[in-house]
Structure formats: structure tokens, C-alpha cells
Amino acid sequence: MTTTPESGPRPFTVPTAKHRTRFFDHRIPSLYAGRYVINNRQVLKGVDGTDHEIDATPQPFDVIEPRFHIDPGGINARFPVPDATGTYSQILPHINLDAPGLPWNRPLVAGSPEDQEGVPWMALLVFREDELPEDPDAVGLVTAGTVRALLTRGLGPGEPPNLPEESLREEEYEEQCATILVPAALFDKIKPLPVEMGYLAHVREGGPPDATMAAADPAPDEEQLNAIVVANRFPAAAGGRHVVHLVSLEGFHQYLNAPAPAEDVRLVSLTSWAFTTVPDTGIGFGDLAQHLATTDGETPRGAEELRLRLPVDAPPSPNAEQREALDRMAGGALALPQRLETGERTVAFHRGPLTARPARELPPPAAVRLESSGEALIYLEKYGVFDTSYGAAFTAGRLLALSDAEFRTGLLEFRSAARSAVRRLASHPELHSVDGMVTARQLTAPLAFEAFDRMLLDDDGTRFTRAVDQAGPQLRAGLRRTATAARQARTTADVRALVSQPGVATLLTQAAQDEFTTVSGWLDRLRRLEMLGFEHLVPDSRMLPPESIRFAYVDAGWVRAAVDGALSVGVGHALDADLNQLATTGGPVPACAVLIRSALVPNWPKAIITAYAGTDVVEPLRSDVYGTDVRLLLYPEVNGRLIDRLELAEPPRGICFGIGDVGTIELREISGERIGYPKGEFPQPAGFGRFLRPGDADVLNVHGTGDALVPALDRAHGAQLSSAQFALQMINAPQAQTFSYRP
């Protein structure tokens, strides 16, 4: 199977179940949280025509929304999950809030909401170990107290939020709040700019599988709306403990575009969680998958390199003998030393069931049932050497059968039961002469039982009644039952001929159902190559070096030789060999194989590997791991076709935000019917470091000075992105690598 990795954008696979997921920029309330007064004035016109103004009593009212803490029950999800451990240096932590309007329910700057539409009053900040003075271990320690204590600097050092007194209700002063002390220099490093805060929050609608997918956008499903707040800082590549705080920036707007006060700042923490990231080795799923497909990250590996064969350097001008050897080795064979029975030393070709090219047609008599390994040897008369592949397959199957007591016993018992059944059929032709209406009991029960059954059934029981009525008089008269006419003797040839008759094979397997199930189940496992050692599949480790993927055909002739070898155990005569034929048909034999030897196998055990034949997904007949780093996948032939595309995909982890292993993000369509579909990698050349703020804090330069990400994305799309469209670009979808068949 010739395969090469696809270049360019990966094909988009339409999922079976469609979920409607939409992103919205923000959710602006009709009325922001705060304190309001309704003033009524009535004007009455007097009888003299003059106006009299009457002022009613002012009616104050409050729009109450969370301000100093949020209900933990209103948090849908956090990523990374609390107390998680993993490699997270390429993701931006985020929080999913149940209330879709929470980040925008109050203005960041009191009194001027019209100038800051879409700018949330909260932000998600990421801190590392030894950054927060009151939480050096980054485990989530906070300083708690009342809002009154916070505003009067009673919770410790650091400037508190500057909140107008008129914006606070009296009962708010006694509310409890959690706070963190952030050094001024650190705050200036990681704080989001007001223009950036709008891009770091959006509203998401996640519809169920049956959600409307109409072209005309339906109204948002209120039950499926959530607010998402994303951090602007990547966890440290060196690893370590991190704590994430959803903080209120209300009352600190003056420091978002200017340096923080020297006395540091004390922020209100609405919620927090901690996680641990392990050191980033620089080799992730994307790196490993890309290495399997390319030589340098861009150049696809050649088709011959992806075949399961031993790489051999051919001489410049090979002669006929060398060409024959090279051709067989290109098909997956090895040239190995061989000692003949005569003691001579020579060279033989050998391979397992997996081939780099479709196997050659077997010459007769090897295409018929094999009875010994010698029959399976192929002699290349022109060159005076043997191909031992099928002989080795026969021997492997025989040794496996001899080493499995359960199979060996089941095979012998099946043959014994089948022999008895076929001999009874041969001796009693009436059993299979009437429309094949014979039961397993008639083939296996003692003849007296079978005769008694016929007596009960013949003539609707008349024969049985007559026999009972006549039994007494016959016994008193001393009459004895006369012998029936001698049955015609049947020869071995007659019995063997009977086995090949239509329908008889089914009768025999039914007569020994339990034993046949044991035998056929074991042979099906052998057909799936389950019991073979890895050395049978890959006879030379150089055929599958570390960090490689190889594609192969499965030689059905090799598998059949192994089955013949297993069935050769305990064969005493020709009838046993004929009965073996009943077990040679079973489950499907795989048609092709994929072998992956990579750190992907142990480190991403739940990686999704999907094979396609055209647009149809092909399920593997078998998927197993050998050792720790080799995965074998065997696929059947589907409608006369082998798989022509294989995709390795990172395990799904829900929607999160960040960059890929190779330092890129997936640009996605932002309009039209293909909104959300991938359209290429960004940036080119790869490398996201240019979009980080100066310094070593790993803070994303979303829309600040210098090389900022949002303006670069605007240029890439030729349009100004909204916060929802920005979130669409930053989705860190599971990475995938596709290999495609190219004839």
C-alpha cells in the first residue's frame, strides 16, 4: 500500500453527529449592575393657564449582580481542571461560567459604560510559584475578610480597588471577599490592556446533537449560553505549580494603561484553582506525528520509506540475481542463512505475514491444503535457493497448536465427534435423504435412542402403540425379534465423499458444536495474527525503526499456511484431513496492516486512529500494543477496497485555547457556509514567540504595542476580527496527521 503524508491543509472530516457550537462577542445587559434613582415630575396646568410642577419622591433601586465573589455552582468548567498534572505550556487557561452576561454585567469604569462596550470587568490571571508574596507555592492561598476591611486597607498591604462610595450598597460592606497581593512589577507584566480584555472574553453556545443546523442563523438557545474568560498568559515551559485567579479589575482601570502603584495592588479573587504543568520537552503529539510523516517538518517521506521492508542500498547496475534478491526484499523478505538437510549451507528468503507489496500467486500444489512444512517450501530453481516463508508459517501454526492444550483437546474431540457423525450418516442414508431433516441428536445419540425416537414419531405413534400391544403376547409365546437385513458396507472412500456433499459440513459442525466453537474461535484468533510473536510480524527490527510508521499488506496465503499447520496436529488418516476442511473457513483475514513505533503509543494511549476507504470509515479487525511503543492495526478489505487514508489524531479534550506543538494555530474561516473550517497554519514560518510581550513572562501580546496577534490575524483574514472570531482562531483543537494513498 503506497502511502505518503498529505501536504497542505488537512481534509475536513464531517462528523457523524453534528453539534451546533457558536461564538458571540459579548452579552451587554439592558441595565448595568449599580445604583439608580427614578425621578418623577408632573406638570399640571392651572385654570389660569399657568403650569404647576410637582416633584414626586425619588425612587431609588439597585440592579444587583455578583461583585466580590461568585457562586461556585455557577462555574461549568475550568481548563486545566483543578489539581490536574500535565503538559500545559501551550494552552491558555480558561473558565466557563454559567451566567452568559456575568463578565459584562457592570462597566469596568463607573459612569461611562458607552465608551467601553464589550470590555469585561474581570480577567483571568495566571501566576507561577514564588510570584505571589502571600502564596509562594501557588496552591491558591488567599487573604479573606469583609469588603469594608478591604477598602480600608485592613487586609494587608497593597492598594485596594478605588470604588466610588455611592456605588456600594450598605450591606455590601459586610460581604466576605477573597483577595491576593500582586507586586506592582508583576502586575504590569501580566495585566491585560482594556482593548485586549474584550478579546479575552466571549459567549459560547453549545447545542446538542439535534440542534438546528439551518443556514439562517436561529436565535441563540438561552439554555446553552455560557460566558468564557480566557487568560493571556501561557504556563511555564519549565513546568511547576500554577494558580489561576479570576479577578475583578473594577477600580483599577487607571493602572491598566499606566504603571501600577509602588505599594503593589490588592485584587479581589472571584474564584481560583491550581494545577501543575510538567516540563515541556519540546516534543508533543504534533511534533511526533509530523516526524512520522516528514523528514524535516515539511518534506514528506517517500512512499518506499513508509513500506514495511528492510532498507537496502542497491548496486548501481545489479545483475539478474541481484535484481531478484532486491525485488524480493523490496516486497518485505529477508535474505537469511539456511542449512539444508544434507548439511549444505546456502541462503533462503524469509518473511512473515506482512508484506510491502501484494504477495505473489502461490504455485500449485501450495495453493491446496498443506500437510507438512516441506510442502510449503518454494524452490527457486533458477537461482537454487528456497523461499521458506510459507514453511515457517506452517511450522508456526503447528507449534502454537501443540502449545495450547485447550485447542489441541478441542481439535481432537471435534474430529472424534465429526468422524462418528459422518460414519453414521454413511451407514444410515435415510438420515440425510429426506430434505436433509436431521438433527444433531440423531447424529450423536446411541442408535437405540434414535430408533425409539423414530418409533414414537412413525405413523403418528401408531407403530409405538402396536409394538406395546404385541409385546406381551410375543413374550409369552417366546418369540424373539428377528434381525434386520444387513446394512450395506461403506468404504473409506464413500465416507470421504460424503463429507464433500452439500449440507453435510453444516450437519457435522452441529453434531460437535461445542468442540467446533472452540476450534473455530482459536483459528479466528490465528487469522488475526493474535498469537504470533512480534518477530513473526517484523522479522528484523530495522524494518520498523524507532519513531516510524509502516504500512503493509497481509498475505492471506501465509495465514492459510499457519492455519493448515495448526490443523495438522493429530491427523491420523485422510478422513481427519478432510474434516480439517470444515474449520478452514471462519472470520475474515485482514487485508492490510499499519505499524506505529513511536512515543505516541505510550504517551497518548487514547489517540484516535481512523482509517478510511474513500469516505467510509473502516473499523480495525484488531488493534494491539506490543511492548510499550509499538501499535499494530489490522484492517479488512471493504467492498474490494483497502484503506486509502489514515489519520492520527490527538485525544479529544473539549474546547480549549492555545497553540500547537510546532508553534502555530489553525486559521479558521470566519464567514460564509464554511465558518469554522480550517484554512491553513498561522504564522508562516512557524513560531509564536513573536507574539509574546518582551520578557520571560510568556504573556500573549493580544493587541498591544509591537508585533501584536490580533492585527496580524486581521491581516491574514483581510478583515477586522471580533472577540468571537478571535476565539475561533485560538481554539487548540486536537492535532492530526493524515497519510493518504497515492497510486
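Keep in mind it's a predicted model, so treat the numbers as computed, not measured.

A. Up close: the overall build of the protein. Helix and strand counts for the protein stand at 19 helices and 33 strands. Per-residue burial for the protein yields a buried fraction of 46% across its 743 residues. At a minimum sequence separation of 6, the contacts of the protein that also span at least 24 residues come to 76%. Carbon and sulfur atoms make up 53% of the accessible area of the protein, which amounts to about 36,400 Å² in all.

B. Representation of the packing of aromatic side chains within the structure. Evaluated as defined, the whole model comprises 12 aromatic pairs. Judged by centre distance (6.0 Å) and plane angle (85°), the ring pair of Phe79 and Tyr88 falls under edge-to-face. An identical accessibility class is assigned to Phe79 and Tyr88; each is buried. Between Phe407 and Trp522 the ring centres are 3.9 Å apart and the planes differ by 20°, which places this aromatic pair in the stacked class. One end of the pair, Phe407, is in helix H7 (residues 405-427); the other, Trp522, is in helix H13 (residues 513-527), with 115 residues separating them in the sequence. The exposure class assigned to Phe407 is buried, which follows from its relative accessible area of 1%. Here Trp522 falls in the buried class, since its relative accessible area comes to 5%.

C. Broad picture of the sheet that holds strand S2 (residues 21-24). The five strands are arranged S2-S14-S15-S10-S7 in an open sheet whose pairing can be described as antiparallel. For this open sheet the edge positions go to S2 and strand S7 (75-79), each flanked by a neighbour on one side alone. Geometrically, the sheet is characterised by an average inter-axis angle of 25° between neighbouring strands, direction not taken into account. Here strand S14 (residues 201-206) pairs with strand S15 (residues 225-230) via five bridges, running antiparallel. Across the sheet, the residue bridging to Val203 is Ala227, located in S15.

D. Main features of helix H5 (residues 320-330). Listing the buried residues of H5 in full gives Glu324, Arg328, Met329 and Ala330. Buried residues along H5 sit against strand S19 (345-350), strand S21 (378-380) and strand S22 (385-387). For H5, the N-terminal cap is Asn319; the gap from its side-chain oxygen to the backbone nitrogen of Glu321 is 3.2 Å. Count one or two residues on from H5 and you reach Gly332, which has phi positive near 115°.

E. Structural view of the packing of helix H6 (residues 389-402) against helix H15 (residues 556-567). The geometry of H6 relative to H15 is characterised by a closest axis approach of 6 Å and an angle of 40° between their N-to-C directions. Here H15 runs oblique to H6, going by the angle between their axes. Considering the relative orientation of H6 and H15, their crossing is right-handed. Two secondary-structure elements touch here, H6 through Ser389, Tyr390, Ala393, Phe394, Gly397, Arg398 and Ala401 and H15 through Gly557, Trp558, Ala561, Ala562, Asp564, Gly565 and Ala566. Here the contact of H6 with H15 is composed, by residue class, of eight nonpolar, four polar and two charged.

Cut-offs used in this document
- Residues numbered from 1 in each chain as written.
- Predicted model: local features only at pLDDT ≥ 70, side-chain atom pairs only at ≥ 80, totals over all residues.
- Heavy atoms only, no water.
- Helix = DSSP H or I, 4+ residues; strand = E, 2+ residues; numbered from the N terminus.
- Buried < 20%, exposed > 50% of the residue type's maximum accessible area, 1.4 Å probe, protein only.
- Contact = heavy atoms within 4.5 Å.
- Areas by Shrake-Rupley, 256 points an atom, 1.4 Å probe, with all protein chains shown as cover.
- Phe/Tyr/Trp six-rings, centres within 6.5 Å; stacked < 30°, edge-to-face > 60°.
- Pairing = 2+ DSSP bridges.
- Axes fitted to C-alpha atoms, helices over the stretch in contact; angles between N-to-C directions.
- Polar contact = N/O pair within 3.5 Å; in protein donor to acceptor, adjacent residues only side chain to side chain.
- Parallel < 35°, antiparallel > 145°, perpendicular 65-115°, else oblique.
- Left-handed = near helix turned anticlockwise from the far one by under 90°.
- Nonpolar A, V, L, I, M, F, W, Y, C, P; charged D, E, K, R; others polar.

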